[in-house]
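Report on the structure
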Amino acid sequence: MENQKSFDMTTLFGGLLKWIILIAVSIFTAFPFLWMIISSLKTKAEVMNTDVFWPSSPQWSNFTEVLTNSPIPLYIWNSLWTSLVIVLIQIITGAMLAYALVFLKFRGRQLIFAIVMGTYMLPAAATYIPSYIILSKGGMLNTLTGLIVSSTISIFGIFLLRQAFMQVPKTLIEASRMDGASHFRVLWEIVCPMTKSSFITFGLMSFIAAYNSYMWPSLITNDQPKYLVSQGLRSYFIEGGAYGTEWAKVMAASAVIVLPLLIIFAFTQKWFINGIGGDTGVKG
């Protein structure tokens, strides 16, 4: 009986400790976002005053100013449009290459995969100059088209989809091919639905990377109407723009910019978690 009580107390203590740790980590993780929201409702004087945490009177006009009298909505539209197109193209190219590497037998298949993964080790800065020259010769500098064309391939996406495709039974693919299905039909009607979680995970991560991209867009776009959110926010609010150091409006703009990412993640979190866990929907 005493052993049972001791076991119950140990289990209770372990569960309580787990919840305390989870709550502490959650607060630590969410605090920057909460601080951004709270600061967006303050006045400039309250933001600069470290003794004031809560706004004395919520300044909803900060959001109105950002949405109606600033180019932030245009920057958000530019980022959403380019990110969606980039994700679509990367999914198509990544899926086709991953399918070829997993299900097609040809000489040099492993060498191609080694070369693809070898390029993943290159620092992004090493590709800036050749990419800039290619876009310049193609007349795509200072255009959203240039941003899209220069991001049509994702090495991480190819690797992620290849790992997911390797969990699909090859006997199923062979049976489909024997029934007369083309490679494209096998890919889009059999393989893709069975690895849906990995596609959503790849798409979400690719979208976030493209949406938050700063360095490369800053190098090839000079006109403000073509800015993405990261470079647009810095240019308009911090580099002597209309508001200068109006940090309350900076926080309001940041909150508006983050909102699309939160909405997308809210609708895809279940598949995103399954994709991270390697679930392809294939049952043994």
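Source: prediction; values computed, not measured. (Residues numbered from 1 in each chain as written. Predicted model: local features only at pLDDT ≥ 70, side-chain atom pairs only at ≥ 80, totals over all residues. Heavy atoms only, no water.)

1. Quick word on the layout of surface pockets
The method is simple in principle: a probe with the dimensions of a water molecule rolls over the atoms, and the space it marks as empty is what remains. Estimates place the volume of the largest pocket at around 1,200 Å³. Residue assignment for the lining of the largest pocket shows that the elements contributing at least two residues are α4 (72–103), α5 (109–120), α6 (128–137), α7 (144–149), α8 (155–165), α11 (196–211) and α12 (215–220). Class assignment of the residues belonging to the lining of the largest pocket gives a composition of 23 nonpolar, 11 polar and no charged. Around the second largest pocket, the lining residues are Tyr 99, Val 102, Phe 103, Lys 105, Arg 109, Lys 170, Ile 173, Glu 174, Arg 177 and His 183. Those elements that provide at least two residues to the lining of the second largest pocket are α4 and α9 (170–178). The biggest single contributor to the lining of the second largest pocket is α9, with 4 residues. Counted by class, the lining of the second largest pocket contains 4 nonpolar, 1 polar and 5 charged residues. (1 Å grid on protein atoms, 1.4 Å probe; cavity = no way out; pocket = protein on both sides within 12 Å on 5 of 7 lines; lining within 4 Å. Points joined across faces, edges and corners; volume = space filled by probe spheres on them. Helix = DSSP H or I, 4+ residues; strand = E, 2+ residues; numbered from the N terminus. Nonpolar A, V, L, I, M, F, W, Y, C, P; charged D, E, K, R; others polar.)

2. A closer look at the environment of Ser 40
With respect to the element layout, Ser 40 can be found in helix α1 (residues 2–40). For Ser 40, a relative accessible area of 0% puts it in the buried group. Considered as a pair, Ser 40 and Pro 58 are 18 residues apart in the sequence and their alpha carbons are 8.6 Å apart. The residues touching Ser 40, leaving out its near neighbours within four places in the chain, are Gln 59, Asn 62, Phe 63, Ala 248, Met 251 and Ala 252. (Buried < 20%, exposed > 50% of the residue type's maximum accessible area, 1.4 Å probe, protein only. Contact = heavy atoms within 4.5 Å.)

3. What to know about the UniProt feature "transmembrane region" (unreviewed entry) in the chain
Taking the numbering used here, the UniProt-annotated feature "transmembrane region" (unreviewed entry) corresponds to residues 12–38, 80–104, 111–135, 147–165, 186–211 and 247–267. Structurally, residues 12–38 comprises 100% helix and 0% strand, and the distance from its first C-alpha atom to its last is 36 Å. Structurally, residues 111–135 is divided into 72% helix and 0% strand, and its ends, taken at the C-alpha atoms, are 28 Å apart. (UniProt positions renumbered as here; feature names shortened; annotations may be inferred.)

4. What to know about the packing of aromatic side chains
If you walk through the whole model with that rule in mind, you get 8 aromatic pairs. Judged by centre distance (6.3 Å) and plane angle (35 degrees), the ring pair of Trp 60 and Phe 63 falls under tilted. Classification of Trp 60 by relative accessible area gives exposed; the value is 56%. One aromatic cluster in this structure is built from Tyr 99, Phe 103, Phe 165 and Phe 199. The positively charged end of Arg 162 is found above the aromatic ring belonging to Phe 113, 3.8 Å away from the centroid. (Phe/Tyr/Trp six-rings, centres within 6.5 Å; stacked < 30°, edge-to-face > 60°. Lys NZ or Arg CZ within 6 Å of the ring centre and 35° of its normal.)

5. Side note on a nonpolar patch on the surface
A cluster of nonpolar side chains, contributed by Phe 33, Leu 34, Leu 259, Leu 262, Ile 263 and Phe 267, occupies part of the molecular surface with about 580 Å² of accessible area. Listing elements by their share of the nonpolar patch, those giving two or more residues are α1 and α14 (247–276). The element contributing the most residues to the nonpolar patch is α14, with 4 residues. Phe 33 gets classed as partly exposed once you look at its relative accessible area, which sits at 33%. (Patch = residues over 30% accessible without salt bridge, like charges linked within 9 Å, V, L, I, M, F, W, Y side chains within 5 Å. Areas by Shrake-Rupley, 256 points an atom, 1.4 Å probe, with all protein chains shown as cover. Salt bridge = Lys/Arg side-chain N within 4 Å of Asp/Glu carboxyl O.)

6. Overview of the nonpolar core
Counting residues in hydrophobic clusters, the biggest one holds 21 residues, and the most contacted among them are Phe 63, Ile 72, Ile 76, Tyr 211, Val 229 and Ile 257. Secondary-structure elements contributing two or more residues to this core are α3 (61–68), α4, α11, α13 (229–238) and α14. Looking at this core element by element, the count peaks at 8 residues for α14. Not counting residues up to four positions away in its chain, the partners in contact with Ile 257 are Ile 72, Ile 76, Tyr 211, Val 229 and Leu 233. In this structure, Ala 95, Ala 181, Cys 192 and Met 194 belong to the second largest nonpolar core, which totals 19 residues. (Core = buried A, V, L, I, M, F, W, Y, C linked by side-chain atoms within 4.5 Å.)

7. Considering the side chain of Ser 70
Mapping Ser 70 onto the fold places it in the loop between α3 and α4. At 2.4 Å, the side chain of Ser 70 forms a polar contact with the backbone oxygen of Val 66. (Polar contact = N/O pair within 3.5 Å; in protein donor to acceptor, adjacent residues only side chain to side chain.)

8. Comments concerning α8
In terms of burial, α8 is largely enclosed, as 8 of its 11 residues are buried. Residues of α8 that are buried in the fold lie against α4, α5, α10 (183–194) and α11.

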